[in-house]
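Overview (structure and organization)
Listed below, chain by chain, are the residues.
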Amino acid sequence: MPRTRDTSATCTLMVEVSGASIPVVVTRKRVKNLNLRVRSDETVSLSIPMGASMATAQNFLNRRRTWIAAHLERIRTRTQQRQEDADAAAGTIPLWGELVDASTLDSTDDLYRRELARRLPLVVERVEEHMGVHALSWQLRRMTSRWGSCTPARRSIRMNTMLAAYPPACLEFVVTHELCHLIEPSHNARFHELLDRFCPRNRDIAAMLKRSAREVAVARSSTTRDEGRHVTR
Ligand SMILES: [Zn+2]
């Protein structure tokens, strides 16, 4: 890290948590101790004493990985629970980026699993062909902290069944992301070059996956309505 950034009041450091790089906004304040916070919107911040170095901050963050992971997990579980309550109250659920009737549905989990099992093979076939790589096994799992994960040594990939709630482009993005790990296991510059090449919209889609599936579905349906009325913004 350049020396000049070391004296500024704020700086963003990255910490690897459960296989994902999490940005942490570090702010120098008139405090005695290092204070780490995970907010309900899943942002992480750290305040450090005026005289502390960014290297100290980074070491501190690296030692607090498990703590950060546990807090993010708790927030995500709570968000998901709220989401399910909202679904039940609304009588609709988000499916492939649209709100569908859920009044006769027994289990959202089962529906998402079935839907993902149906669509995944088609997407995998297309993306593998495009990328020229091949995974040996695909597993579907309901996960709270990640959309997918890959064990490159075994060429095995796990996908989060919750992806069925989001627009199909999100599934394609996660498939591409995990297949990129067969070429490059870590999230380095080479990995991002691959992802940019095979999924040019990856940044937009990653941003979409940070929002709730219901929110994404509602936003999409209002865009479609506006297009129908030829509203220009
Ligand atoms: Zn990854």
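Source: prediction; values computed, not measured.

Examined at the domain level, the chain breaks down into domain 1 (3–71) and domain 2 (91–228). Placing the centre of domain 1 and that of domain 2 at their C-alpha centroids yields a distance of 29 Å. Taken together, the four residues of domain 1 in the interface contact four residues of domain 2. Residues that form the side of domain 1 that touches domain 2 fall into these classes: one nonpolar, three polar and no charged.

Below, the discussion takes up the sheet that holds strand E3 (residues 35–38). Pairing is mixed across the open sheet formed by four strands, whose spatial order is E1-E2-E4-E3. Edge positions in the open sheet fall to strand E1 (10–17) and E3, since each of these has one partner strand only. Mean inter-strand twist for the sheet, computed between neighbouring axes without regard to direction, equals 25 degrees. One ladder, built from four bridges, connects E3 with strand E4 (residues 44–49); its direction is antiparallel. Within E4, the position partnered with Val38 by the bridge is Val44. Its contacts with the sheet place helix H1 (residues 54–63) against E1, strand E2 (20–29) and E4, and it is angled at close to 30 degrees to E1. The strands touched by helix H2 (residues 65–90) within the sheet are E1, E2, E3 and E4, with E1 carrying the most contacts at an inclination of about 85 degrees.

Let us look at the nonpolar core. A general feature of soluble globular proteins is that nonpolar side chains tend to end up buried together. Counting residues in hydrophobic clusters, the biggest one holds 33 residues, and the most contacted among them are Leu163, Ala164, Ala165, Tyr166, Cys170, Val174 and Val175. Of all the secondary structure elements, the ones that give two or more residues to this core are strand E5 (92–95), helix H3 (108–131), strand E9 (156–160), helix H4 (168–183), helix H5 (189–198), helix H6 (202–208) and helix H7 (213–228). It is H4 that provides the largest number of residues to this core, a total of seven residues. Other than its neighbours up to four places away in sequence, Tyr166 contacts Gly97, Met208, Leu209, Ala213 and Val216. Membership of the second largest hydrophobic core comes to eleven residues, among which are Val17, Val44, Ala57 and Leu61.

Parameters and conventions
- Residues numbered from 1 in each chain as written.
- Predicted model: local features only at pLDDT ≥ 70, side-chain atom pairs only at ≥ 80, totals over all residues.
- Domains from an automatic or database assignment.
- Contact = placed C-beta atoms within 7 Å.
- Nonpolar A, V, L, I, M, F, W, Y, C, P; charged D, E, K, R; others polar.
- Pairing = 2+ DSSP bridges.
- Helix = DSSP H or I, 4+ residues; strand = E, 2+ residues; numbered from the N terminus.
- Axes fitted to C-alpha atoms, helices over the stretch in contact; angles between N-to-C directions.
- Core = buried A, V, L, I, M, F, W, Y, C linked by C-beta atoms within 7 Å.
- Buried ≥ 20, exposed ≤ 12 C-beta atoms within 10 Å, placed from the backbone.

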